[in-house]
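Geometric and topological summary
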Amino acid sequence: MPDQLPKRSKTPAQEAFETLAFLWAGLAVAAFFGWQYNVPLVHPLVQQMSDALSPYTLPLLQRTFGHVNPVLDLLFNLAVVASILFVLSMTLIPALERLFIRDLIRRGEREGRKIEAIRERVHVRLEKKSYAR
């Protein structure tokens, strides 16, 4: 097996971006399945949202695909809402980035304390070994 380079860790900005992306994508998927399985609170909210957006999105979908299944219309509306929320939440990235940086600093301090505690318990002597020939 060839040696692999260690995986580069993500910057706090990348982590913040991915957090927001997964948050809104996960919310859209959860809303769809909540609508599909008639979850009491989710189904009416998703239905109202879809009914409100359909006059704007349905003509576009009909021009593109012809006959449109209502589920496709709902999925498209959920994607539109998730995309809009994602773009609007981009302003949160600096705040999340600071949070992730603070978390990295705390984690580093904890690891440093662990290493110091081990060093205090174990006294390591480094000696030069002489090899007799």
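Here, the structure is the one placed above.
This text gives an overview of the structure that appears in the document. (Residues numbered from 1 in each chain as written. Predicted model: local features only at pLDDT ≥ 70, side-chain atom pairs only at ≥ 80, totals over all residues. Heavy atoms only, no water.)

For the protein, the helix and strand inventory stands at four helices and zero strands. For 133 residues, the compact-globule formula gives about 14 Å, and the C-alpha radius of gyration of the protein, at 26 Å, lies well above that figure. C-alpha atoms of the protein, sized along the principal axes, occupy 90 × 35 × 30 Å. Here the protein, with 133 residues, has 19% of them falling under the buried criterion. Summarising the internal contacts of the protein: among those between residues at least 6 apart in sequence, 64% fall at separations of at least 24. Carbon and sulfur atoms provide 64% of the accessible area of the protein, an area that totals close to 11300 Å². (Helix = DSSP H or I, 4+ residues; strand = E, 2+ residues; numbered from the N terminus. Rg over C-alpha atoms; globule rule 2.2 N^0.38 Å. Buried < 20%, exposed > 50% of the residue type's maximum accessible area, 1.4 Å probe, protein only. Contact = heavy atoms within 4.5 Å. Areas by Shrake-Rupley, 256 points an atom, 1.4 Å probe, with all protein chains shown as cover.)

Okay, the packing of helix α1 (residues 12–36) against helix α4 (residues 93–121) next. Two elements in contact, α1 and α4, have axes separated by 8 Å at closest approach and are oriented at 120 degrees. Between α1 and α4, the angle falls in the class oblique. Note that α1 runs across α4; the crossing there is right-handed. Residues Pro 12, Ala 13, Glu 15, Ala 16, Phe 17, Thr 19 and Leu 20 of α1 form the contact with α4, whose own contacting residues are Ile 93, Leu 96, Glu 97, Phe 100, Ile 101 and Leu 104. For the contact of α1 with α4, the per-class residue count stands at ten nonpolar, one polar and two charged. (Axes fitted to C-alpha atoms, helices over the stretch in contact; angles between N-to-C directions. Parallel < 35°, antiparallel > 145°, perpendicular 65-115°, else oblique. Left-handed = near helix turned anticlockwise from the far one by under 90°. Nonpolar A, V, L, I, M, F, W, Y, C, P; charged D, E, K, R; others polar.)

Here the focus is unusual backbone geometry. Within the chain, Asn 38 stands out as a residue other than glycine whose phi angle is a positive 55 degrees. As for its placement among the helices and strands, Asn 38 is situated in the loop between α1 and α2 (42–65).

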